[in-house]
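Chain by chain, the residues:
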Amino acid sequence: TIFLLPVSLFGISVSAAELPAMSTDAGRASDALRSRLERGLERVAFFVVPCAVALLVAGDVIAGVLYQRGAFTAVDARWVWAVLAGSAPGLLSTTLGRLYSSAFFARRDTRTPLRYAIVRVGLSVAIGWGLALHLPGWLGIDRQWGTVVIAAGSSAAGWVEFSLLRRALGRAIGRVTLPPAFVARLVAAAIAAGAVASGLRLVAQSARLGTLLGGSLILGGFAVVYGLTTLLAGVPMARDIAGRLGRRRTRG
């Protein structure tokens, strides 16, 4: 559920919102569709990259804030963190893949995304069956770690699907991808936010803050640092959000 939240919020929602416009652009020159798709990829990546890093560095904090009460303990939150860490590497490919699929839909091609979705599901099942049931035994660790292998297998399969979709769409309309420099800025900002969040974790532990208060401090600090860092780095989405917040504050 935690993993699918950013997929739904940023991957599926942006893809659904862009589909009508991409359908219009698909009837024109390929340049129009490529340009719209590139903007959509940047919009999705801006939100998803920090989500993936947050799952890696603070998955137990997220699980604790959402679930840690009653019979759900801190130990359970750490197990959820392990599964989220296995899922996090595939978060970007999963969300961007939804946008590539929408581009195929806009071109009235539903078969290609379906074929590659079947490949993704098949790989996920194969990796889960082949490794999750046996790898913990081979390594001499608790069988419960098989759940992490399932998550990691799904991540790997997501990247395979993403690569197939991108290559097939590139053959149809020309290469469409995220600029490496743009991705590097997002990753650097997310890592900086993750480092601050790790420091705030120590502060929360030293002050013996509760799960909800400590989690709010850690995750809030992560979000603020990521926003400020991307703004200073000149990321267009960060400037747009800051501008909108400024206009709302002025009107208020």
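Presented here is an overview of the structure given in this document. Predicted model, so just to flag it, every value in this text is computed and none were measured. (Residues numbered from 1 in each chain as written. Predicted model: local features only at pLDDT ≥ 70, side-chain atom pairs only at ≥ 80, totals over all residues. Heavy atoms only, no water.)

## Brief notes about the overall build of the chain
Piece 1. Counting secondary structure elements, the chain contains 10 helices and 0 strands.
Piece 2. Secondary structure elements of the chain occur, N-terminal to C-terminal, as α-α-α-α-α-α-α-α-α-α.
Piece 3. Counting the 252 residues in the chain, one finds 40% classified as buried.
Piece 4. Sequence-distant contacts in the chain: of pairs separated by 6 or more residues, those separated by 24 or more amount to 80%.
Piece 5. Carbon and sulfur atoms make up 65% of the accessible area of the chain, which amounts to about 13300 Å² in all. (Helix = DSSP H or I, 4+ residues; strand = E, 2+ residues; numbered from the N terminus. Buried < 20%, exposed > 50% of the residue type's maximum accessible area, 1.4 Å probe, protein only. Contact = heavy atoms within 4.5 Å. Areas by Shrake-Rupley, 256 points an atom, 1.4 Å probe, with all protein chains shown as cover.)

## Description of a nonpolar patch on the surface
Piece 1. A cluster of nonpolar side chains, L131, W138, L139, I141 and W145, forms an exposed patch at the surface whose accessible area comes to about 540 Å².
Piece 2. Looking at where L139 falls in the secondary structure, it is placed in helix α6 (residues 135-139). (Patch = residues over 30% accessible without salt bridge, like charges linked within 9 Å, V, L, I, M, F, W, Y side chains within 5 Å. Salt bridge = Lys/Arg side-chain N within 4 Å of Asp/Glu carboxyl O.)

## Some points on the packing of aromatic side chains
Piece 1. The full count for this structure, using the stated rule, is 7 aromatic pairs.
Piece 2. Judged by centre distance (5.1 Å) and plane angle (85°), the rings of F46 and F47 are edge-to-face.
Piece 3. Of the residues examined, F47 reaches a relative accessible area of 27% and is grouped as partly exposed.
Piece 4. The interplanar angle of 90° and the centroid separation of 5.5 Å between the aromatic rings of W159 and F162 together place this pair among those described as edge-to-face. Highlighted residues: W159 and F162, both in helix α7 (residues 146-173), separated by 3 residues, approximately one helical turn.
Piece 5. Residue W159 is classed as partly exposed on the basis of its relative accessible area, which comes to 33%.
Piece 6. On the basis of relative accessible area, F162 is assigned to the buried category, the value being 6%.
Piece 7. Three or more aromatic residues joined by ring pairs form one cluster here, namely F10, F46, F47 and Y226. (Phe/Tyr/Trp six-rings, centres within 6.5 Å; stacked < 30°, edge-to-face > 60°.)

## A few points about the pattern of salt bridges
Piece 1. Enumeration according to the criterion identifies 6 salt bridges in this entry.
Piece 2. Here E18 makes a salt bridge to R43, at a shortest N to O gap of 2.8 Å. Here R43 lies in helix α2 (residues 30-67) and E18 lies in helix α1 (residues 4-26), a separation of 25 residues in the sequence.
Piece 3. By relative accessible area, which is 9% here, E18 ends up buried.
Piece 4. Across the pair R120 and E161 runs a salt bridge whose closest N-O atoms are separated by 2.8 Å. Of this pair, R120 sits in helix α5 (residues 111-132) while E161 sits in helix α7, and the two are 41 residues apart along the sequence.
Piece 5. A relative accessible area of 2% means that E161 is categorised as buried.
Piece 6. A single salt-bridge network, built from bridges that share partners, covers E18, R36 and R43.

## As for the environment of L219
Piece 1. Note that L219 resides in helix α9 (residues 211-232).
Piece 2. A relative accessible area of 28% means that L219 is categorised as partly exposed.
Piece 3. Considered as a pair, L219 and I62 are 157 residues apart in the sequence and their alpha carbons are 7.9 Å apart.
Piece 4. Apart from the residues lying within four places of it in its own chain, the contact partners of L219 are A58, V61 and I62.

## Let's talk about the environment of A197
Piece 1. Among the structural elements, A197 can be located in helix α8 (residues 180-206).
Piece 2. By relative accessible area, which is 4% here, A197 ends up buried.
Piece 3. In sequence terms A197 and R171 are 26 residues apart; their C-alpha atoms lie 42 Å from each other.
Piece 4. Here A197 is in contact with I218 and F222, once residues within four sequence places are set aside.

## Focus: the packing of α2 against α9
Piece 1. The geometry of α2 relative to α9 is characterised by a closest axis approach of 10 Å and an angle of 165° between their N-to-C directions. Comparing their axes, α9 and α2 come out roughly antiparallel. In this structure, α2 crosses over α9, and the sense of that crossing is right-handed. Residue-level contacts link F46, P50, V53, A54, A58, V61, I62, G64 and V65 of α2 to T211, L212, G215, I218, L219, F222, Y226 and T230 of α9.
Piece 2. A per-class count over the contact of α2 with α9 returns 13 nonpolar, 4 polar and no charged. (Axes fitted to C-alpha atoms, helices over the stretch in contact; angles between N-to-C directions. Parallel < 35°, antiparallel > 145°, perpendicular 65-115°, else oblique. Left-handed = near helix turned anticlockwise from the far one by under 90°. Nonpolar A, V, L, I, M, F, W, Y, C, P; charged D, E, K, R; others polar.)

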